[in-house]
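Listed below, chain by chain, are the residues.
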Amino acid sequence: MSVSAVAADRSVCAPLPVLGRDVLVPLVTGGEVDYAALDYAASAPALQRVWDDVAAYAPYYGSVHRGAGYLSQLSTDLFENSRRTIEEFLGCRTDDQVVFTRSTTDSLNLLAAVLPENTRVFVFETEHHASLLPWEQRPDVTVTYLNAPRTPQQAVDTLEKTLAAREPYGPALVCVTGASNVTGELWPVRELAAAAHAHGARIVLDAAQLVPHHPVDLGELDVDWVAFSGHKLYAPFGAGVLAGRADWLRDAAPYLAGGGASRKVSRRTDGGVDVEWHTTAARHEAGSPNVIGAYAIASACRALTEAGFEGLVAREQELIARLRTGLAEVPEVTVLSLFGDDAARVGVLSFVVEGWNSSHFAAALSAEYGIGVRDGLFCAHPLVRTLLGSAPQDPGECGAPDAAPGEKSLNAIRVSFGAGTPDEHVDRFLHAVTELVTNGARWNYRTEGGRCVPA
């Protein structure tokens, strides 16, 4: 039996079938192999179940909210039922709103836009750029960046001390990640929420890397908002969610002005217009909504719920243990971590290899073994710089290292997986790492457009 046939046969080990599980890719050394997608932290492959649901709905696609025809009515019901499915999936409270956006980044920019005037935002430097950068777009908002903690308790203590000392005492927001997109480590969300609320602040959870791996319940975690993207949750690109407290959303001007957000528009005698805006989630969903994107997210939520997070988490932990054990057997590999080896984590892990440019190593994994990983700074530049012990001015750019293969550069390699990952992909990855470190690459590589590619 060929290598690709063996791999395809073992793919049944994955608990949830995903698209692309049987795609063959060419190797520079000759032949083909089934693609090992180990870049879930960037975009998880869509679940087969999600794709089938979307395909079944596609012939009935119609306008949403503003059509009298049967397909419009059906599409509107499907769109709003998707909102209710997500509310249930997230354990939303009775007065919470679920707003559909384009992504986690869009969700957090929406929240930044609706902050009350003169809000103070507190965010750890360890955040993804999606949750690190939106707040300074508001000139009236003050942002305090907190240094990277080295233990979960230090994170809580740092936040407690900083919030207790804040002046003046006014609206405040804490932004934290649920699971790091660089190290996969879980953050003490419940404890950070308690600290925020004890000092009169609200908290938003960036759950982009958490929600595909663990149940997220707003009430249980006691967070005020949660943001995530469909494309991390086994749904196709193009949709995201911001869910949580309605008051700041309801009191602010619409994120986008236009149809759907407006309830009533009338001309004034002076020639202008008066607008009555919706107070529901529609207030921030102007324009024709992405009904397929919303439905895809809801389908993924149902699939994960029906599969059972307990079993999915248990299997993922087995794969994490296998991965960490295998990498520990290669002395040249250094795994990046904030909280240490014993920290709880999801299936995301970053590392560097002594003597290798990370872009070169990632290119060899792809070209010679059919394995897709990520290299760079992972849109979390301050965090990766901290983990690599670099100075802020050291060269390095996400996905485009300055150094040629073999030269020192500021970047790392990230491997990530989830419910669609078969055992064989992790085993092949560990085999490839060992071979590359022991024997070197079998092909020559060059830098092209900032990327390391086969020559």
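Residues numbered from 1 in each chain as written. Predicted model: local features only at pLDDT ≥ 70, side-chain atom pairs only at ≥ 80, totals over all residues. Heavy atoms only, no water.

S.K.: Looking at this model, I keep getting lost on helix H11 (residues 309–328). Mind explaining?
M.R.: Residues separated by three or four positions in an α-helix point in the same direction, a consequence of the helix having 3.6 residues per turn. With 20 residues, H11 extends 28 Å from end C-alpha to end C-alpha; this agrees with the ideal 28 Å at 1.5 Å per step. Three or more residues of H11 are buried, namely Phe 309, Leu 312, Val 313, Arg 315, Glu 316, Leu 319, Ile 320, Leu 323, Arg 324, Gly 326 and Leu 327. Where H11 is buried, its residues meet helix H3 (70–89), helix H10 (291–307), strand S13 (333–335), strand S14 (348–353), strand S17 (412–416) and helix H14 (423–439). (Helix = DSSP H or I, 4+ residues; strand = E, 2+ residues; numbered from the N terminus. Expected span 1.5 Å × (residues − 1). Buried < 20%, exposed > 50% of the residue type's maximum accessible area, 1.4 Å probe, protein only. Contact = heavy atoms within 4.5 Å.)

S.K.: Would you explain the sheet that holds strand S8 (residues 202–206) in this entry?
M.R.: Hydrogen bonding along the main chain pairs the strands of a sheet, whether they run parallel or antiparallel. Strand order in the open sheet formed by seven strands is S4-S10-S9-S8-S7-S5-S6, and the pairing between neighbours is mixed. Edge strands, defined here as strands with exactly one partner in the open sheet, are strand S4 (96–101) and strand S6 (142–146). Across the sheet, the axes of successive neighbouring strands diverge by a mean angle of 20 degrees, strand direction being ignored. With five bridges connecting them, strand S5 (residues 120–124) and S6 associate as parallel partners. Along S6, the bridge assignment pairs Val 121 with Val 143. The strands that H3 touches are S4, strand S9 (225–229) and strand S10 (240–245); relative to S4, the one it contacts most, it runs at about 120 degrees. The strands touched by helix H4 (residues 104–114) within the sheet are S4, strand S7 (172–177), S8, S9 and S10, with S9 carrying the most contacts at an inclination of about 150 degrees. (Pairing = 2+ DSSP bridges. Axes fitted to C-alpha atoms, helices over the stretch in contact; angles between N-to-C directions.)

S.K.: For this particular structure, what's the right way to read H3?
M.R.: Between the first and last C-alpha of H3 there are 28 Å, a value that for 20 residues agrees with the 28 Å anticipated at 1.5 Å per step. Ser 72, Ser 75, Thr 76, Leu 78, Phe 79, Ser 82, Arg 83, Thr 85, Ile 86 and Phe 89 are the residues of H3 that are buried. Where H3 is buried, its residues touch helix H2 (48–57), S4, S9, S10, H10 and H11. One or two steps after H3, the chain reaches Gly 91, where phi turns positive at roughly 60 degrees.

S.K.: Could you clarify how one ought to interpret the packing of aromatic side chains in this entry?
M.R.: To describe a pair of aromatic rings, you give the distance between the ring centres and the angle between the ring planes. Under the definition given, this model contains 11 aromatic pairs. Ring geometry for Tyr 57 against Tyr 61: centres 6.4 Å apart, planes inclined by 65 degrees, an arrangement best described as edge-to-face. Overall, the relative accessible area of 4% leaves Tyr 57 in the buried class. Overall, the relative accessible area of 49% leaves Tyr 61 in the partly exposed class. Ring geometry for Phe 89 against Phe 309: centres 6.2 Å apart, planes inclined by 40 degrees, an arrangement best described as tilted. Residue Phe 89 is found in helix H3, and its partner Phe 309 is found in helix H11; the two are separated by 220 residues along the sequence. Through pairs of rings, three or more aromatic residues link up here, namely Phe 351, Trp 356, Phe 361 and Phe 429. (Phe/Tyr/Trp six-rings, centres within 6.5 Å; stacked < 30°, edge-to-face > 60°.)

S.K.: What is the right way to look at the pairing of S10 in this model?
M.R.: Side-chain direction in a regular strand flips from residue to residue, so the side chains alternate between the two faces of the sheet. Counting buried positions along S10 yields five of six residues, so the element is predominantly enclosed. Here six bridges tie S4 to S10, and the two strands are oriented antiparallel to one another. Bridge pairing in S10 places Phe 100 opposite Val 241. Pairing geometry for S9 and S10, over five bridges, is antiparallel. Pairing of Phe 228 across the sheet is with Val 241, part of S10.

S.K.: Honestly, the nonpolar core in this entry has me stumped. Any pointers?
M.R.: Soluble globular proteins: nonpolar side chains tend toward being buried together. Ranked by size, the top nonpolar core spans 83 residues in total, and within it Ile 86, Leu 90, Val 174, Leu 205, Val 241 and Ile 297 carry the most contacts. Considering every element that reaches this core, the biggest residue donor is H10, with 10 residues. In contact with Ile 86, not counting residues within four places along its chain, are Val 98, Phe 100, Phe 228, Val 241, Ala 294, Ile 297, Ala 298 and Cys 301. Counting 33 residues, the second largest nonpolar core, distinct from the first, contains Leu 38, Leu 327, Ala 364 and Ile 371. (Core = buried A, V, L, I, M, F, W, Y, C linked by side-chain atoms within 4.5 Å.)

S.K.: Help me out: how do you make sense of empty space enclosed by the protein in this one?
M.R.: To find leftover empty space, one rolls a probe the size of a water molecule over the atoms. The final tally for this structure, using the stated rule, is three cavities of 30 Å³ or more. Estimates place the volume of the largest cavity at around 80 Å³. In terms of lining residues, the largest cavity is bounded by Pro 15, Pro 212, His 213, Tyr 234, Leu 304, Leu 312, Arg 315, Glu 316, Leu 319, Gly 418 and Ala 419. For the lining of the largest cavity, the element with the highest residue contribution is H11, accounting for four residues. Here the residues of the lining of the largest cavity sort into seven nonpolar, two polar and two charged. (1 Å grid on protein atoms, 1.4 Å probe; cavity = no way out; pocket = protein on both sides within 12 Å on 5 of 7 lines; lining within 4 Å. Points joined across faces, edges and corners; volume = space filled by probe spheres on them. Nonpolar A, V, L, I, M, F, W, Y, C, P; charged D, E, K, R; others polar.)

S.K.: Please explain the pattern of salt bridges as it appears in this structure.
M.R.: Tallying each qualifying case throughout the model produces 24 salt bridges. Across the pair Arg 202 and Asp 247 runs a salt bridge whose closest N-O atoms are separated by 2.6 Å. You can see Arg 202 sitting in strand S8 and its partner Asp 247 sitting in helix H9 (residues 247–251), a full 45 residues away along the chain. You can call Asp 247 partly exposed: its relative accessible area is 24%. Ionic pairing is found between Arg 324 and Asp 341, a salt bridge with its closest N-O pair at 3.2 Å. Placement of Arg 324 in helix H11 and of Asp 341 in the loop between S13 and S14 is noted, with a sequence separation of 17 residues between them. Within this structure, Arg 315, Arg 322, Asp 423 and Asp 427 form a network of salt bridges that share partners. (Salt bridge = Lys/Arg side-chain N within 4 Å of Asp/Glu carboxyl O.)

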